[in-house]
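# Residue-level structure breakdown
These are the residues of each chain, in order.
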Amino acid sequence: MKQSVLFTKTRKTAPKDEVAKNAQLLIRAGYVHKEMAGVYSYLPLGRRVLENIEKIVREEMNAVGGQELRMATLHPSQNWIQTGAWDAVDVVFKIKSRTEKEYTIGQSAEEIITPIAKEYIASYKDLPIALYQIGQKYRDELRAKSGIMRGREFSMKDMYSFHDSQEDFDRFYSQVKDAYLRVYERCGLAAKATEASGGSFTKKLSYEFMVLTDAGEDDILYCDSCSFCANVEVSTQKEGDTCTRCTKGTMKRAKASEVGNIFDLGQKYAKDFSLTYKDREGNEQYPIMGCFGIGISRLMGVIVEALADEKGIVWPKSVSPFHAHLVSLASGNSQVIAEADRLYQELREHGFEVLYDDRDVRAGEKFADAELIGIPTRLVISEKTIAAGGIEVSSRSGGDTTLVPESTIFEHLKKI
Ligand SMILES: [Zn+2]
């Protein structure tokens, strides 16, 4: 895409009331537009990043056997009254229709998936099954000051699984835990899983997935040798203690952000909605259910917080809106313009997605915008690079710059 026709422009400053670093940078670079506290629209650049994260999550959920569906967002109040959540969960939005009926817009979908599952699960042969969706969720937060990391409206992947035994649930639970860790790794983040008691009235046991970042809202303790990790609030250990799991490592304290969770729901929802199946002996049983969430928009915010530097956003290649940012420093030189146009065309023919800065503005402005927008690879064409017979390639994260001969540019880009 040519930057001269890109819908958004960069901005020098973020709105005064925006305190979160992730939203400040994303607004300035043109990824999101703030509608009100905790509610953002995703502009063309932001939508591309969300879709890249969704693609990674979708691939990993499909790999563990998840089947994707799309559930309703507007829920009848009756389903929520039936589970007790209508009164017990304070972040549920409640909407009164002019017909006097009440609804909620979903912050989670146990109240919808369980009645759906009841239509199709009849026998042990129908289990296990895992169903997931990626879509908008809503929470009536009192305060929303974390940018896109904790919103009143946000995008989430929520998966629900049904099992005929605790053993089968445990097997799937651990399989999804590994899939989650792969999702974060593919998004360029180092995540750890902490084991926690559920907290909410419906949940027995849970994993929280934490990314180490100074911007995090949580304090965690992690072992510097094994994968053990715990929330400071619940842990009996403290900083500097020897790890009780591996008995070798030392416990370190760090700030972290939650990027996902997994819950053992037990038989609660199956009982609430009388969802049963016939076991091998023909007896009616309640299935065991699990709930598996990843905040897609939250993950985007955490990536910004964890990887950005003083110049702007630094996207990992896997989620970047474009593979490369082509910057032409033409200053009216027709040869440079022609060379840059030709390279842009050829890159697209080779399957690269490129943001092409073809604008007639100063070099300093182009570089500052490229750093703010954060595409991992920058290509520069100028009189100087043409004279040297190559294209200047630099990495947004490392800053190292190399002159790559034009004949090997596609090979070079495929390698990195
Ligand atoms: Zn350890």
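Overview of the structure. (Residues numbered from 1 in each chain as written. Predicted model: local features only at pLDDT ≥ 70, side-chain atom pairs only at ≥ 80, totals over all residues. Heavy atoms only, no water.)

### Considerations on the overall build of the protein chain
We apply this condition: Put simply, DSSP H or I for four residues or longer makes a helix, DSSP E for two residues or longer makes a strand, and each gets a number counted from the N terminus. Whether a residue is buried, partly exposed or exposed follows from its accessible area with a 1.4 Å probe, protein chains only, as a fraction of its type maximum: under 20%, in between, or over 50%, in that order. In this analysis, two residues are considered to be in contact whenever any of their non-hydrogen atoms come within 4.5 Å of each other. The Shrake-Rupley method, run with a 1.4 Å probe sphere, supplies the accessible areas, and residue values consider only the shown protein chains as cover.
When you go through the protein chain residue by residue, the secondary structure sums to 12 helices and 21 strands. With the principal axes as the frame, the protein chain shows a C-alpha extent of 80 × 65 × 45 Å. Sorting the 416 residues of the protein chain into buried and exposed places 51% on the buried side. Put simply, of all contacts in the protein chain between residues at least 6 apart along the chain, 67% involve residues at least 24 apart. Summed over all atoms, the accessible surface of the protein chain reaches about 19,700 Å², with 48% contributed by carbon and sulfur.

### A closer look at the sheet that holds strand E4 (residues 74-76)
Strand pairing within a sheet occurs via backbone hydrogen bonds; the two strands may be parallel or antiparallel. Condition: Two strands form a pair only when DSSP identifies at least two bridges running between them.
Read across the sheet, 3 strands follow the order E4-E6-E5 without closing on themselves; strand pairing throughout is antiparallel. Either end of the sheet is taken by a strand with one partner, and the two such strands are E4 and strand E5 (95-96).

### Brief notes about the environment of Gly249
Of note, Gly249 is situated in the loop between strand E12 (229-231) and strand E13 (251-266). Along the chain, Gly249 and Ile386 lie 137 residues apart, while their C-alpha atoms are 54 Å from each other.

### Some remarks on the coordination of the zinc ion
To keep it simple, the criterion reads: A donor here means any N, O or S atom no more than 2.8 Å from the metal (3.2 Å for Na, K and Ca); water is not included, so a site may seem to lack partners. In these descriptions, tetrahedral denotes four donors with every angle between 85 and 135 degrees, square planar four donors and octahedral six donors with opposite donors over 155 degrees apart and the rest between 65 and 115, and irregular any other case.
The coordination sphere of the zinc ion, as far as protein atoms go, consists of Cys223 (SG), Cys226 (SG), Cys243 (SG) and Cys246 (SG), spread over 2.2 to 2.4 Å. Its 4 donor atoms give the zinc ion angles of 106 to 114° at the centre, a pattern that matches the tetrahedral case.

### Considerations on helix H2 (residues 44-63)
Quick reminder of the rule: The span one expects for a helix is its residue count, reduced by one, times 1.5 Å.
Between its first and last C-alpha, H2 extends 29 Å over 20 residues, near the 28 Å set by a 1.5 Å rise per residue. Of the residues trailing H2, Gly65 is marked for its positive phi of about 95°.

### Some points on the sheet that holds strand E18 (residues 354-357)
In plain terms, the rule: Lines are fitted to the C-alpha atoms to define the axes, a helix being fitted only along its stretch in contact, and any angle between axes, read from their N-to-C directions, falls within 0 to 180 degrees.
The strand order across the open sheet formed by 5 strands is E18-E17-E19-E20-E21, and the pairing between neighbours is mixed. Both edges of this open sheet fall to E18 and strand E21 (401-405), since each of them pairs with a single strand only. Averaged over neighbouring strand pairs, the angle between their axes works out to 25° when direction is ignored. Examined bridge by bridge, strand E20 (residues 390-395) and E21 share 5 bridges and lie antiparallel to one another. Counted as the bridge partner of Glu392 is Leu403 from E21. Across the sheet, helix H10 (residues 363-373) lies against strand E17 (324-329), E18 and strand E19 (377-382), angled at about 175° from E17, the strand it touches most.

### Examining the pattern of salt bridges
Put simply, the test is: Whenever Lys or Arg places a side-chain nitrogen within 4 Å of a carboxyl oxygen from Asp or Glu, that contact is recorded as a salt bridge.
Considering all chains together, one arrives at 26 salt bridges under this definition. A salt bridge links Glu60 to Arg182; the nearest nitrogen and oxygen atoms lie 2.9 Å apart. One end of the pair, Glu60, is in helix H2; the other, Arg182, is in helix H6 (residues 166-186), with 122 residues separating them in the sequence. Taking relative accessible area as the criterion, Glu60 reaches 8% and is therefore assigned buried. Here Lys311 ties to Glu371 by a salt bridge, and the two come within 3.9 Å at their closest N and O atoms. A residue pair is termed long-range when its members are at least 10 positions apart, and Lys311 in the loop between helix H8 (296-307) and E17 and Glu371 in helix H10 qualify at 60 residues. Three or more residues joined by partner-sharing salt bridges are found here, namely Lys55, Glu59, Glu60, Arg182 and Arg186.

### Topic: the packing of H2 against H8
The criterion, for reference: Here roughly perpendicular refers to angles of 65 to 115 degrees, roughly parallel to angles under 35, roughly antiparallel to angles over 145, and oblique to all remaining angles. Gly counts as polar in this scheme, as do all residues outside two lists: the nonpolar Ala, Val, Leu, Ile, Met, Phe, Trp, Tyr, Cys and Pro, and the charged Asp, Glu, Lys and Arg.
Contact pair H2 / H8: the axes reach a minimum separation of 10 Å and the direction vectors enclose 110°. By the criterion of interaxial angle, the relationship of H2 to H8 is roughly perpendicular. For the pair H2 and H8, the contacting residues are Gly46, Val49, Leu50, Ile53, Glu54 and Val57 in the first and Ile296, Ser297, Leu299, Met300 and Ile303 in the second. Residue classes in the contact of H2 with H8 are distributed as 8 nonpolar, 2 polar and 1 charged.

### Points about helix H1 (residues 21-29)
Of the positions making up H1, those classed as buried are Asn22, Ala23, Leu25, Leu26, Ile27 and Ala29. Looking at the buried residues of H1, the elements they touch are strand E1 (32-36), strand E2 (39-42), H2, H8 and H10.

### With respect to the layout of surface pockets
Definition in use: Computed over the protein atoms alone on a 1 Å grid, cavities are sets of points where a 1.4 Å probe fits but cannot get out and pockets are open sets with protein on both sides within 12 Å along at least five of seven lines; a residue lines them when it has an atom within 4 Å of a point. Grid points are joined across faces, edges and corners, and a volume is the space filled by probe spheres set on the points.
If you add up the space inside the second largest pocket, you get close to 310 Å³. Lining the second largest pocket we find 18 residues, and of these Ala193, Ser227, Phe228, Cys229 and Arg245 sit closest to its centre. When residues in the lining of the second largest pocket are grouped by element, the largest group, 5 residues, is from strand E9 (residues 191-197). Residues belonging to the lining of the second largest pocket are distributed by class as follows: 8 nonpolar, 6 polar and 4 charged.

### Regarding the nonpolar core
Formally: Among buried residues, those of type Ala, Val, Leu, Ile, Met, Phe, Trp, Tyr and Cys that are joined through side-chain atoms within 4.5 Å constitute a nonpolar core. Domain boundaries shown here were taken from an automatic or database domain assignment.
One finds Tyr31, Leu299 and Trp315 to be the most contacted residues of the largest nonpolar core, which totals 57 residues. It is H6 that provides the largest number of residues to this core, a total of 8 residues. Among the domains, domain 1 (21-307) and domain 2 (324-415) are the pair contributing at least three residues each to this core.

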